[in-house]
Amino acid sequence: MKKISFRGAAWDSVFLTLAKILTMAFGIVLSKIMSVGLSLEEYGTYSAANIVTSIGTSLILLGLGDAVNYYFNKKAENESPEDRFRIVNTVFFLEIAAGVILAAAITLGRSLIVDYFENPALFSLIPVVSLLPVFANLVYFYQMLYVSAGKAKQMSLYNLGMMILKIVSAYVSVYVLKNIFWIYVVLVLLDALQILVFKLTLRRVGISVNPFRISPAHIRPILAYSLPMGVYAMTSVLTRDIDKLIIGRLAGTENLAIYTNCSKLLPFDFLAVSFATVLIPYIVQYVTENNRSMTVKLFSSYIKIGYYSVWILAAAVLIAPASMVSFLYADAYTVGTPIFILYVLDSMLRFASMHLILTAAGKSASLMLYSLISLVANTVLNIVLYYAIGMIGPAVATLVVAVLYTFLVLRKTIAVIGGTWREVFDLREIAVFVLSLAILWTGGFLLNGFLLTLGVHKYVSMILCAALFGIAALVIHRKKIFGVLKEINTFKR
C-alpha cells in the first residue's frame, strides 16, 4: 500500500489553513466577548486604541518583513550562511530601533491622541498600547522565518495556542476585572512570550536571531530595498484606516464602535492567505530566475484559489447580513449593516492584490505609487461622502478605491510576469462561477426570508441557509477546486 505523503506546497497550505480556521473561530469569539461585554463607549475607546496600534505597526514596518524574506531566501554565491544570518539580524535590529522610537513618540504625544478622538479614557492606555506595534512586527518576522524553514505547521500550532490565551485574558479583563487596560497588558506579555518561543524553537533547526550581531555595512542596502515597500505598507494601512480616523473625529466614540465592528475585515481569505504564505519562497525564486511560465502558472493558480474560497464565503455571509452582524457582535451594531455589506464586497476584491510578485521583481516603486494614489483618493472621498451621505460614505469610498487599486496592481503584475489577462484569468470559468453563485445566493436569500416567516430563530435560519449555499457551491465546483490544489502541489523549490 502506497504511503501517503503530507509534503508539498499544497499540504503545507492545508495544514496552515486548518489552524487558521480555528484561529478565525477564536477571533470571532473574541470579538463577541468584547462587543457584548463592553458598552459602545468602551468599545469605541478600545477601537481608537487599536487604530493607534494599527497605524503604528505600519509606520515602523518599513518594508522590513519583505527584507527578512528576501535576504533569508536569497543565497548569493559570495555569502556564507553566517553572513546571511548577520543580515537577517540587522533587519531585526532596525525594527527594534524603530519600535523604541515609536513607543517613545506615542507616549510623549498621547495628549494629542486624546484630543483628536476627544476621549480622555485613552490617556492611561497609550503607554501600554505603544509597545504593541514592535512586538507585532517581530512576531511577523519570526513567522516569515518559520515558513522559509518549512515549519509552517509548527508555527500555526503556536499561533493557535496564543489565540486561546488571548481569549481567556480578554474574558477575564472584561467580565472579571472590568477594565480594558489589562487586555493590553496581557497582549504585550503574550507577544513577548510568543517571540521567546519562536526564538528558542528556531534555534533547534539552526536559525538563531541575535539583533546585536549585525552587519552595519548592510543597513543602507536593506533600507534601500525595504523602504519603498514600507511606504506601500504604511499607505495601505492608512488607506484602510482613514475612514475610522474620520469617523472617530467627526462622528464620536459610539459611532466609531459601530463602524469599527461593521468594517472589520472578516477572514474570508484565510485559505488564499495560507497559500500565499507558503508560496512566498516559490514566488521569490521564480520571479528572480525570470521563469515566466512557472510564475504565470503559479499566479493564475493562486487567483483561482482566491476567488473560489473568498467569493463563496462572502456570498454565504451576505444571505442574511443583519443577522450576521448581530451574531458576530451584538444587536446594537445592526444599524451598521450597510457598512458591513460594503466591506464584504471590499474583501471579495482585495485578495487579488498579490504584491509580492511586484516586490520580487523590484517594482516596489509602482506599489508605492498606487498606494499613495489610493490614500489620497480615499481621504478625499471619505470626507466628501461622509458629509454627503453620512456614516456609510467612508465605506462607499473604500470600496470605490479598492476597485481602482486592485485593477492597477493586477495590470502591473501581469505585465511584469510577461503574461496576459487571458492566461491569468479564465473568463469563461469565472463567468460560470459568478452566475452559479448568483443563482444559489438568490435561493438562499429567499429561503432565509421564508424560514423567518415561519418563526425560525434568525441565527438558526442564517446558519442553515449559509451552510446549504456553501455546500452546494463546493459540490458544483469541486472538480475545479481539487484541480487547482493538485496543480499547486506540483511546485517544487
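## A few points about the side chain of D241
Residue placement: D241 occurs in helix α10 (residues 219-250). For D241, a relative accessible area of 4% translates into the label buried. Those residues in contact with D241 that sit more than four places away from it in its chain are S54 and I55.

## Some points on the packing of aromatic side chains
A full pass over the atoms with the stated rule returns 22 aromatic pairs. Note on Y386 and Y387: the rings are 5.5 Å apart at their centroids and 80° apart in plane angle, and the pair reads as edge-to-face. Residue Y386 is classed as buried on the basis of its relative accessible area, which comes to 17%. Ring plane angle 20° and centroid distance 5.7 Å describe the contact between W421 and F425, whose orientation is recorded as stacked. Residue F425 is classed as buried on the basis of its relative accessible area, which comes to 13%. Joined through ring pairs, the aromatic side chains of Y43, Y46, Y184, Y329 and Y333 make up one cluster.

## Here we look at the pattern of salt bridges
Across all of its chains, the model carries five salt bridges by this definition. A salt bridge links K244 to D243, with the nearest nitrogen and oxygen atoms 3.9 Å apart. Comparing K244 with D243 shows no difference in burial state: the two are buried. Across the pair K480 and E429 runs a salt bridge, and its minimum N-O distance is 3.7 Å. Of this pair, K480 sits in helix α22 (residues 478-488) while E429 sits in helix α20 (residues 427-453), and the two are 51 residues apart along the sequence. We classify K480 as partly exposed; its relative accessible area is 45%. By relative accessible area, which is 9% here, E429 ends up buried.

## Examining the packing of α10 against helix α11 (residues 253-262)
Following both chains from N to C, one finds α10 and α11 inclined at 160°, their axes separated by 8 Å at the closest point. Comparing the axis directions of α10 and α11 gives the class roughly antiparallel. Seen from above, α10 lies across α11 with right-handed handedness. Along its contact with α10, which presents D243, K244, I247 and G248, the element α11 presents N255, L256, Y259 and T260.

## Comments concerning the nonpolar core
Judged by nonpolar contacts, the single largest core of 138 residues is most densely connected at M34, F92, L145, Y184, W311 and F340. If one sorts the elements of this core by residue count, helix α13 (residues 292-317) sits on top with 15 residues. Once you skip the residues sitting within four places of it in the chain, Y184 turns out to touch Y46, A49, N50, L125, V128, V129 and L132. One finds M229, Y232, L367 and Y405 within the second-largest nonpolar core, a separate group that totals eight residues.

## Quick look at the environment of A67
Among the structural elements, A67 can be located in helix α3 (residues 64-73). Spatially, the C-alpha atoms of A67 and I87 are 9.4 Å apart, while their sequence positions differ by 20 residues. For A67, the contacting residues outside a window of four places in its chain are F72, V91, I222, Y225 and S226.

## Description of unusual backbone geometry
In the Ramachandran plot, L62 falls in the positive-phi region, its phi being about 55° despite a non-glycine side chain. For L62, the position within the fold is in the loop between α2 (40-61) and α3. A relative accessible area of 23% places L62 in the partly exposed class.

## Describing the environment of F327
Looking at where F327 falls in the secondary structure, it is placed in helix α14 (residues 321-328). Of the residues examined, F327 reaches a relative accessible area of 31% and is grouped as partly exposed. Filtering out sequence-adjacent residues up to four positions away, F327 remains in contact with K32, Y459 and M462.

## Some remarks on a nonpolar patch on the surface
A cluster of nonpolar side chains, V36, I164, V168, Y171, V172, Y175, V176, L177 and W182, forms an exposed patch at the surface whose accessible area comes to about 800 Å². In terms of residues, the nonpolar patch owes the most to one element, helix α8 (residues 152-176), which gives six residues. Following the sequence through the fold, V176 ends up in helix α8.

## Notes on helix α9 (residues 181-203)
Taking 1.5 Å as the rise per residue, α9 with 23 residues should run 33 Å; its terminal C-alpha atoms sit 34 Å apart, in good agreement. Every buried residue of α9 is listed here: I183, Y184, V185, L187, V188, L190, D191, Q194, I195, F198, T201 and L202.

## What about the packing of α13 against helix α21 (residues 458-476)?
If you want to describe how two helices pack, look at the angle between their axes and the distance between the axes. Taken N-terminus to C-terminus, the directions of α13 and α21 make an angle of 155°; their axes are 9 Å apart at the nearest point. Between α13 and α21, the interaxial angle falls into the category roughly antiparallel. For α13 against α21, the interelement crossing comes out right-handed. The residues of α21 that touch α13, namely those facing I312, A315 and A316, are A466, F469, G470, A473 and L474. Residue composition of the contact of α13 with α21, grouped by class: seven nonpolar, one polar and no charged.

## Some details on the confidence of the model for the chain
Summarising the model, the chain shows a mean pLDDT of 83, and 89% of its residues fall at 70 or more. Counting interchain partners and residues more than four positions distant, the pLDDT-below-50 stretch residues 1-6 has four contacts.

## Re the environment of T57
Within the element layout of this structure, T57 appears in helix α2. Taking relative accessible area as the criterion, T57 reaches 16% and is therefore assigned buried. Distance from T57 to L132, taken between C-alpha atoms, is 7.8 Å for residues 75 residues apart in sequence. Not counting residues within four places of it along the chain, the set of residues in contact with T57 comprises P133, A136 and N137.

Thresholds applied
- Residues numbered from 1 in each chain as written.
- Predicted model: local features only at pLDDT ≥ 70, side-chain atom pairs only at ≥ 80, totals over all residues.
- Heavy atoms only, no water.
- Helix = DSSP H or I, 4+ residues; strand = E, 2+ residues; numbered from the N terminus.
- Buried < 20%, exposed > 50% of the residue type's maximum accessible area, 1.4 Å probe, protein only.
- Contact = heavy atoms within 4.5 Å.
- Phe/Tyr/Trp six-rings, centres within 6.5 Å; stacked < 30°, edge-to-face > 60°.
- Salt bridge = Lys/Arg side-chain N within 4 Å of Asp/Glu carboxyl O.
- Axes fitted to C-alpha atoms, helices over the stretch in contact; angles between N-to-C directions.
- Parallel < 35°, antiparallel > 145°, perpendicular 65-115°, else oblique.
- Left-handed = near helix turned anticlockwise from the far one by under 90°.
- Core = buried A, V, L, I, M, F, W, Y, C linked by side-chain atoms within 4.5 Å.
- Patch = residues over 30% accessible without salt bridge, like charges linked within 9 Å, V, L, I, M, F, W, Y side chains within 5 Å.
- Areas by Shrake-Rupley, 256 points an atom, 1.4 Å probe, with all protein chains shown as cover.
- Expected span 1.5 Å × (residues − 1).
- Nonpolar A, V, L, I, M, F, W, Y, C, P; charged D, E, K, R; others polar.
- pLDDT = per-residue confidence, 0-100.

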